[in-house]
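What follows is each chain in one-letter form.
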Amino acid sequence: MSITAHLEELKKKHQNLSDQVDVAQRSPAIDQMELAVMKKQKLKLKEEITRLSS
């Protein structure tokens, strides 16, 4: 897999996770621990995208 393809895949995963976080934040029944885990995963993806883009 090329770096470009890998970056695109990471960006898709980040966007999907971002959408999930947005939906979860609007839900009154969301488990705060689950939300925190999703946010950490999202941050790790963003860091990886930034690292590979440099």
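Residues numbered from 1 in each chain as written. Predicted model: local features only at pLDDT ≥ 70, side-chain atom pairs only at ≥ 80, totals over all residues. Heavy atoms only, no water.

Draft legend 1. Region of interest: the pattern of salt bridges. Taken as a whole, this structure holds one salt bridge when the rule is applied. Linking Arg51 and Glu48 is a salt bridge whose minimum nitrogen-to-oxygen distance equals 2.7 Å. With Arg51 and Glu48 both in helix H2 (residues 32-53) and three residues apart, the pair spans about one turn of that helix. (Salt bridge = Lys/Arg side-chain N within 4 Å of Asp/Glu carboxyl O. Helix = DSSP H or I, 4+ residues; strand = E, 2+ residues; numbered from the N terminus.)

Draft legend 2. A look at helix H1 (residues 3-26). Given a rise of 1.5 Å per residue, 24 residues ought to cover 34 Å, and the 35 Å separating the end C-alpha atoms of H1 matches this to within 8%. Buried residues of H1: Leu7, Leu10, His14, Leu17, Ser18, Val21 and Ala24, and no others. Against H2 lie the buried residues of H1. (Expected span 1.5 Å × (residues − 1). Buried < 20%, exposed > 50% of the residue type's maximum accessible area, 1.4 Å probe, protein only. Contact = heavy atoms within 4.5 Å.)

Draft legend 3. Main features of the packing of H1 against H2. As a packed pair, H1 and H2 sit with axes 9 Å apart at the nearest point and diverge in direction by 155°. Between H1 and H2, the crossing angle belongs to the class labelled roughly antiparallel. When the axes of H1 and H2 are compared, the crossing they make is left-handed. Contact residues: His6, Leu7, Leu10, Lys11, Lys13, His14, Leu17, Ser18, Gln20, Val21, Ala24 and Gln25 in H1; Leu35, Met38, Lys39, Gln41, Lys42, Leu45, Lys46, Glu48, Ile49, Leu52 and Ser53 in H2. A class-by-class count of the residues in the contact of H1 with H2 yields 10 nonpolar, seven polar and six charged. (Axes fitted to C-alpha atoms, helices over the stretch in contact; angles between N-to-C directions. Parallel < 35°, antiparallel > 145°, perpendicular 65-115°, else oblique. Left-handed = near helix turned anticlockwise from the far one by under 90°. Nonpolar A, V, L, I, M, F, W, Y, C, P; charged D, E, K, R; others polar.)

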